[in-house]
2 protein chains.
Amino acid sequence: MEDVITLDYGSGGVKTSRLIEEILLPAFHSTRLDQLGDGALLPPPSGPLVFSTDSFVVSPWRFPGGDIGKLAVCGTVNDLSVSGARPLYLSLSFILEEGFSIRDFRTIVDSIACTARSAGVEIVTGDTKVVERGKGDGIYINTSGIGVLLPEASGLGPSAIRPGDAVLLSGTPGCHGAAVLMARGELPCEGNLASDCMALNQMCEHVLKAVAPGSIRVMRDPTRGGVATTLNEFVEHTPLTIELEERSLPSSPAVSAACSLLGLDPLYCACEGRVLIIAAEKEAPSVLSALRQTKGGSDAAIIGRVTAAHPGYVVLCTPLGGSRILGKLSGNQLPRIC
Amino acid sequence: MEDVITLDYGSGGVKTSRLIEEILLPAFHSTRLDQLGDGALLPPPSGPLVFSTDSFVVSPWRFPGGDIGKLAVCGTVNDLSVSGARPLYLSLSFILEEGFSIRDFRTIVDSIACTARSAGVEIVTGDTKVVERGKGDGIYINTSGIGVLLPEASGLGPSAIRPGDAVLLSGTPGCHGAAVLMARGELPCEGNLASDCMALNQMCEHVLKAVAPGSIRVMRDPTRGGVATTLNEFVEHTPLTIELEERSLPSSPAVSAACSLLGLDPLYCACEGRVLIIAAEKEAPSVLSALRQTKGGSDAAIIGRVTAAHPGYVVLCTPLGGSRILGKLSGNQLPRIC
């Protein structure tokens, strides 16, 4: 096999078969994938399905705490998880640029396989295309995922939010965004700055099962646009307000330092392993304690509450008693963060 | 809205919302898509699922008989259809290059919506990323699809093929490949040369229901690598041979002329609206007549049969009594054909 990807690897012919047989199938050990049909045959699921898709174009493809492969698995697993599903199956589709290193490709494939295995999801179908040099950027990945809705998640969604509800965040915001910036050389090297990229399915399922049905109103992973943009999506065009308490926000000194160097706000920086939860006020302490029991949830906090003070807005309340509106991200703070 | 895509449209913030609200949601009219959750909630399906994915990088994005939008819907619908499923839901993910025309984007979105509606599939979830100028080629699209296995399709697959079976093709091979070459200016303009790109779900379901269960052994749409490569995939590493009768092959004079100009063989050119079927010999006339009843199937023919003469090979028998081996496509006859 050559050292780099050539256009032949996307031909659908002999080279494509070699890529599949020598690199992809051995990595994923799936009897469904081994059948190499045009589609994967899956057993009838036990309940309603959740279906999600994401393309990943992160630059550079490797960053502290992860790479595009880990991100591509976690991203779709997390979209399913915050929708209240148990993720089961992923599809995997590559757009490779002519000249991309086959060694790097193997590294990414191994990272996908390892992340999928540890999240308990199976890669069941895939596709590989190759574009000419200068028509891509090494590697882009799409994953789509199928999960089955957990019975506890019925009714989950922004429309379930009520005044008085509590807002929780599972950890410090903005680590993923800051880590990618560091990998781009836009930040001085910070030893303890790493992406939060992780699969949230175990965390989400644990929390959903820890409290009374209906008390989790909505969950969302704040990726592009960060915590501030995601919270805006919950309340825009509604009579509700989200009031965040600045002093309650978990924060990472490394991320804060990095962001202040670049004039960024961690609340607008992407997370890839955090979950925002809005929950009934009464159950908030149980949700918090459930979050803290899970891997990646030790810094979880109640960061604010839902009111009707400023309909449609997210407001940050400062320790000195002031407040300011946090709008949706406008413009593009950080291109190609995921 | 600007005339062209800028990086802001991939930010996850205000511009991304505008793209979704002003272009995507109005085109697709889906209550599931309108919910804009991280995943689409779908009712429990009635049987085993089929799941498939494909990324589309065709260049140029518009060609006689279709465009990348139509192709992206048909490609995944067809992968599900030839697997014996009724396609139900599609995901849709864009990788746009900074500077891509918003008017062209609207054209493609309309083409996706129109093709999906006519195939009876629903776009239920999506994603949009934007990469910098020079890191893409206008537009790449991934679609993934979920279908439910038809009861008549149980047991479908290459392992069901038996010596004596008939090989059928639903129409002339290579039209898609030749049409894309024409669009690239590699061929002089031929008025009647157009891609065969079409959704095959109605055709496949009609044929499956027209004959006794089990008599359709396998179906496949011969895309990259064409008819010759797909047939090789059926018999490689098996004791079976596929013998094609050259004189029985349906052929398009325009495609033949185009291919001979470029030294190409239509049997290696991609189809995007043809189905290859291997069926029990006894049922072959019924399969043929069912194919001919469907839209796009009027040129269907029995093109060969399965023997054990040359284990693992596909052989083309010429009208003069000679024969030659048709291998898998080696190298890359036509890059970025789909």
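Bear in mind that the values here come from a model prediction, so they are computed numbers and not experimental data.

Within this structure, the stated rule accounts for 33 salt bridges over all chains. One salt bridge connects B:Lys129 with A:Asp54, and the closest N-O pair in it is separated by 3.2 Å. With one member in each of two chains, B:Lys129 in strand β6 (residues 122–131) and A:Asp54 in strand β2 (residues 49–56) form a pair that bridges those chains. Here B:Lys129 matches A:Asp54 in class, with each residue buried. Close ionic contact of A:Glu205 with A:Arg86 constitutes a salt bridge, the shortest N to O distance being 2.4 Å. Taken together, the positions of A:Glu205 in helix α6 (residues 201–210) and A:Arg86 in strand β5 (residues 85–97) put the pair 119 residues apart, joining distant regions of the chain.

With the rule as written, the count across this model stands at five aromatic pairs over all chains. With a centroid separation of 6.2 Å and an interplanar angle of 80°, the aromatic rings of A:Phe51 and B:Phe51 are classed as edge-to-face. Of this pair, A:Phe51 sits in strand β2 while B:Phe51 sits in strand β2 (residues 49–56), which puts the two residues in different chains. Assigned by exposure class, A:Phe51 and B:Phe51 land together as buried. On the numbers, 6.4 Å between centres and 80° between planes, the contact of B:Trp61 with B:Phe100 is edge-to-face. With B:Trp61 in the loop between β2 and β3 (62–63) and B:Phe100 in the loop between β5 (85–97) and α4 (102–119), this residue pair connects regions lying 39 residues apart in the sequence.

Time to look at the interface of chain A and chain B. Between chain A and chain B, the residue contacts involve 70 residues of the former and 70 residues of the latter. Between chain A and chain B lies a buried interface of about 5400 Å² when both sides are counted; carbon and sulfur atoms form 56% of it. Together, A:Asp38, A:Phe51 and A:Arg224 form the three largest contributors to the area buried by chain A at its contact with chain B, with a combined 15%. The tally of links from chain A across to chain B stands at ten salt bridges. At the junction of chain A with chain B, the criterion picks out 33 residue pairs in polar contact (both at pLDDT 80 or more). Mapped onto the side of chain A that touches chain B, the elements with two or more residues apiece are α1 (14–28), β1 (40–42), β2, α3 (68–82), β5, β6 (122–131), β7 (139–149) and α7 (226–235) of chain A. Ranked by the residues each element gives to the side of chain A that touches chain B, the list is headed by β6(A), at eight residues. Among the residues forming the side of chain A that touches chain B, the class breakdown is 28 nonpolar, 27 polar and 15 charged. In terms of strand pairing, β2(A) meets strand β1 (residues 40–42) of chain B through three bridges, oriented antiparallel.

Moving on: the confidence of the model for chain A. When pLDDT is averaged across chain A, the result is 94; 98% of the residues are at 70 or more. Under the prediction, the complex receives an ipTM of 0.95, its pTM being 0.96.

Our focus in this paragraph is the relation of the copies chain A and chain B. Superposition of the two copies of the chain requires a rotation about an axis together with a shift along that axis. For the match of chain A to chain B, the screw axis carries a shift of 0.0 Å, the RMSD comes to 0.0 Å, and the turn is 180°. Such a combination of turn and shift is consistent with a two-fold rotation axis. Taking the C-alpha atom as reference, chain A places A:Gly136 closest to the rotation axis, 2.3 Å from it. The fraction of interface residues of chain A whose copies in chain B are also interface residues reaches 100%, indicating that both copies meet through the same surface.

Taken together, five strands build an open sheet; the order of strands is β1(A)-β2(B)-β7(B)-β5(B)-β6(B) and the sheet is mixed. One side of each edge strand has no neighbouring strand; the edge strands of this open sheet are β1 of chain A together with β6 of chain B. Geometrically, the sheet is characterised by an average inter-axis angle of 20° between neighbouring strands, direction not taken into account. The sheet contacts of α4(B) involve β5, β6 and β7 (139–149) of chain B, and relative to β5(B) the element is tilted by about 175°.

Residues and elements named next belong to chain B. Within helix α9 (residues 284–293), burial applies to Ala284, Val287, Leu288, Ala290 and Leu291. Viewed along the axis of α9, the buried residues span an arc of 165°, placing them on a single side of the element. Against the buried residues of α9 lie β8 (166–169), α6 (201–210), β9 (216–220), β11 (276–279) and β12 (301–307).

Moving on, we get to the sheet that holds β2(A). Sheets are built from strands that pair by backbone hydrogen bonding, the pairs being arranged parallel or antiparallel. Strand order across the open sheet formed by five strands is β6(A)-β5(A)-β7(A)-β2(A)-β1(B), with mixed pairing between neighbours. Whereas interior strands pair on both sides, the edge strands pair on one side only; in this sheet they are β6 of chain A together with β1 of chain B. Between one strand and the next, the sheet's axes are offset by a mean angle of 20°, whatever the strand orientation. Of the pairings in the sheet, the one linking β5(A) to β6(A) comprises nine bridges and is parallel in character. Bridged to A:Leu96 within β6(A) is A:Val130.

The rules behind the values
Residues numbered from 1 in each chain as written. Chains lettered and ligands numbered in written order. Predicted model: local features only at pLDDT ≥ 70, side-chain atom pairs only at ≥ 80, totals over all residues. Heavy atoms only, no water. Salt bridge = Lys/Arg side-chain N within 4 Å of Asp/Glu carboxyl O. Helix = DSSP H or I, 4+ residues; strand = E, 2+ residues; numbered from the N terminus. Buried < 20%, exposed > 50% of the residue type's maximum accessible area, 1.4 Å probe, protein only. Phe/Tyr/Trp six-rings, centres within 6.5 Å; stacked < 30°, edge-to-face > 60°. Contact = heavy atoms within 4.5 Å. Buried area = accessible area lost by both parts, 1.4 Å probe. Polar contact = N/O pair within 3.5 Å; in protein donor to acceptor, adjacent residues only side chain to side chain. Nonpolar A, V, L, I, M, F, W, Y, C, P; charged D, E, K, R; others polar. Pairing = 2+ DSSP bridges. pLDDT = per-residue confidence, 0-100. Least-squares fit on C-alpha atoms with pLDDT ≥ 70 in both. Axes fitted to C-alpha atoms, helices over the stretch in contact; angles between N-to-C directions. Arc of directions from axis to C-beta.

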